Amino acid sequence: MASLRKPILAANWKMNLGPTAASGFFESFLSRYAARADRTVIVFPSAIALSAARHAAQARPDIQFGVQNVHTAEKGAFTGETSVSMAHDAGAHFVLVGHSERRHVFGETDAQTAEKVSRVSVLGLAPMLCVGEKIEEREAGQTNAVVARQLRAALEGLVKQDASALAALVIAYEPVWAIGTGRTATPQDASAAHAGIRDELRSLTGAAGEAIPILYGGSVTAANASALLAAPGVDGLLVGGASLDPESWAAICSA
Ligand code: PGA
């Protein structure tokens, strides 16, 4: 076992699986994956499928839920957006923040990411903060610097909140070049980046930084999940494409 932290297996469905497909997914997945006390399984459906997904998994309190994005305002004239309270009301305990598609497709800035992390945490949900470098940054040897900048910016407000805010935080290291490309980081790449993240967390948060789980994400499959999970410093996996199929997601959850 690579880590003393209980592994977290998280599924990011992105803009896939609406309410009907989400229900069908759980019918199949739950018959393939029995609850296990030694791991945490979290699913991030689209906001519109969250209630259906929760309903389909209601007999399985071991499965936790989150949303993929939130707005920082409580409510109001923000067409198309979801507030943290609404996400909570719909059963989300986790919120993905700063996913690379939010940053690079929708132009979310470090400052917006920071605001979201604080807002999620103040309202009692757990932020899962995504960080990761682009290929040109990796090739220029800037991986640790980029990730450290993203962490410092995003956690600025959080470190001023009480200790419970840090206790709920989860980090996902997702190199941009590995997301949806079939090009997975090696377990060694993941360990090296996670060590850099752990150092930065220690310097930002002190002793609390030791307990914050760091997940790896980017082209994880049923075939490579075990090796990645066994890599030193990898506390879990954040999985996109391979989490859409109940059979492969069950295999990853059992890795
Ligand atoms: P992928 O996506 O597993 O399809 O590469 C991971 C993610 O974006 O969280």
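Quick caveat: nothing in here was measured; it's all calculated off a predicted structure.

Draft legend 1. Fine view of the site of the ligand. Contacts to the ligand come from 13 residues, most closely from Lys 14, His 99, Glu 174, Gly 180 and Ser 219. Within the side chain of Asn 12, one N or O atom sits 3.5 Å away from an oxygen atom of the ligand. Between an oxygen atom of the ligand and a main-chain N or O atom of Gly 180, the distance comes to 2.6 Å. In isolation the ligand exposes 280 Å². Once the protein is present, 95% of that is buried. For the shell around the ligand, the per-class residue count stands at 4 nonpolar, 7 polar and 2 charged.

Draft legend 2. Examining the nonpolar core more closely. Phe 26, Phe 29, Ile 171, Tyr 216, Leu 237 and Trp 249 are the most contacted members of the largest nonpolar core, which totals 63 residues. Dropping the residues within four chain positions of it, Leu 237 is found in contact with Ile 8, Leu 9, Ala 10, Leu 215, Tyr 216, Val 220, Ala 225, Leu 228, Leu 229 and Ile 252. Ranked by size, the runner-up nonpolar core spans 13 residues in total, among them Ala 10, Cys 130, Val 170 and Leu 215.

Draft legend 3. Quick peek at the layout of surface pockets. A volume near 530 Å³ is recorded for the largest pocket. In terms of lining residues, the largest pocket is bounded by 20 residues, among which Lys 14, Met 15, Gln 68, Asn 69 and Arg 102 are the most central. Residues belonging to the lining of the largest pocket are distributed by class as follows: 8 nonpolar, 8 polar and 4 charged. Its volume calculated, the second largest pocket comes out at about 190 Å³. Considering every element that reaches the lining of the second largest pocket, the biggest residue donor is helix H5 (residues 110-122), with 3 residues. Residues of the lining of the second largest pocket, tallied by class, amount to 1 nonpolar, 4 polar and 4 charged.

Draft legend 4. Quick peek at the sheet that holds strand S2 (residues 40-44). Spatially, S1-S2-S3-S4-S5-S6-S7-S8 is the arrangement adopted by the 8 strands of the closed barrel, whose pairing is parallel. Taking each pair of neighbouring strands and ignoring which way they run, the sheet shows an average axis angle of 25°. This element, H5, spans strand S4 (94-97) and strand S5 (126-131) of the sheet and lies at about 160° to S5. Along the sheet, helix H11 (residues 246-253) contacts strand S1 (8-12), S2 and strand S8 (236-239); its crossing angle with S1, the most-contacted strand, is approximately 160°.

Draft legend 5. Region of the structure containing the packing of aromatic side chains. The final tally for this structure, using the stated rule, is 8 aromatic pairs. Residues Trp 13 and Phe 25 carry aromatic rings whose centres are separated by 4.8 Å and whose planes lie at 70° to one another, so their mutual orientation is edge-to-face. Here Trp 13 is found in the loop between S1 and helix H1 (19-32), whereas its partner Phe 25 is found in helix H1, with 12 residues between them in sequence. Look at Trp 13 and you get buried, because its relative accessible area is 0%. Since its relative accessible area comes to 3%, Phe 25 is described here as buried. Taking the centre distance of 5.7 Å and the plane angle of 25° together, the rings of Phe 25 and Phe 29 count as stacked. Pair noted here: Phe 25 and Phe 29 are both in helix H1, with a separation of 4 residues, about one helical turn. Residue Phe 25 shares its accessibility class with Phe 29, and that shared class is buried.

Draft legend 6. Quick peek at empty space enclosed by the protein. Counted by the stated rule, this structure contains 1 cavity of 30 Å³ or more. Considering only enclosed or pocket space, the largest cavity measures out at about 40 Å³ in volume. Around the largest cavity, the lining residues are Gly 98, His 99, Ser 100, Arg 103, His 104, Cys 130, Val 131, Gly 132, Gln 150, Glu 174 and Val 176. Looking at the lining of the largest cavity, the elements that each hand over two or more residues are helix H4 (100-104) and S5. Considering every element that reaches the lining of the largest cavity, the biggest residue donor is H4, with 3 residues. Of the residues contributing to the lining of the largest cavity, the split by class is 3 nonpolar, 6 polar and 2 charged.

Draft legend 7. How the structure looks around the side chain of His 99. Within the secondary structure, His 99 sits in the loop between S4 and H4. When residues no more than four places from it in sequence are discounted, the contact partners of His 99 are Asn 12, Lys 14, Cys 130, Glu 174 and Ile 179.

Draft legend 8. Examining unusual backbone geometry more closely. Phi angles above zero are rare outside glycine, and Lys 14 is one such case at about 50°. Its place among the elements puts Lys 14 in the loop between S1 and H1. The class for Lys 14 is partly exposed, based on a relative accessible area of 21%. Positive phi is not limited to glycine here, since Leu 17 has a value of about 65°. Structurally, Leu 17 is set in the loop between S1 and H1. By relative accessible area, Leu 17 is classed as partly exposed at 22%.

Rules used throughout
- Residues numbered from 1 in each chain as written.
- Predicted model: local features only at pLDDT ≥ 70, side-chain atom pairs only at ≥ 80, totals over all residues.
- Heavy atoms only, no water.
- Near = heavy atom within 4 Å.
- Polar contact = N/O pair within 3.5 Å; in protein donor to acceptor, adjacent residues only side chain to side chain.
- Areas by Shrake-Rupley, 256 points an atom, 1.4 Å probe, with all protein chains shown as cover.
- Nonpolar A, V, L, I, M, F, W, Y, C, P; charged D, E, K, R; others polar.
- Core = buried A, V, L, I, M, F, W, Y, C linked by side-chain atoms within 4.5 Å.
- Buried < 20%, exposed > 50% of the residue type's maximum accessible area, 1.4 Å probe, protein only.
- Contact = heavy atoms within 4.5 Å.
- 1 Å grid on protein atoms, 1.4 Å probe; cavity = no way out; pocket = protein on both sides within 12 Å on 5 of 7 lines; lining within 4 Å.
- Points joined across faces, edges and corners; volume = space filled by probe spheres on them.
- Helix = DSSP H or I, 4+ residues; strand = E, 2+ residues; numbered from the N terminus.
- Pairing = 2+ DSSP bridges.
- Axes fitted to C-alpha atoms, helices over the stretch in contact; angles between N-to-C directions.
- Phe/Tyr/Trp six-rings, centres within 6.5 Å; stacked < 30°, edge-to-face > 60°.

Nothing here speaks to function; it is geometry throughout.
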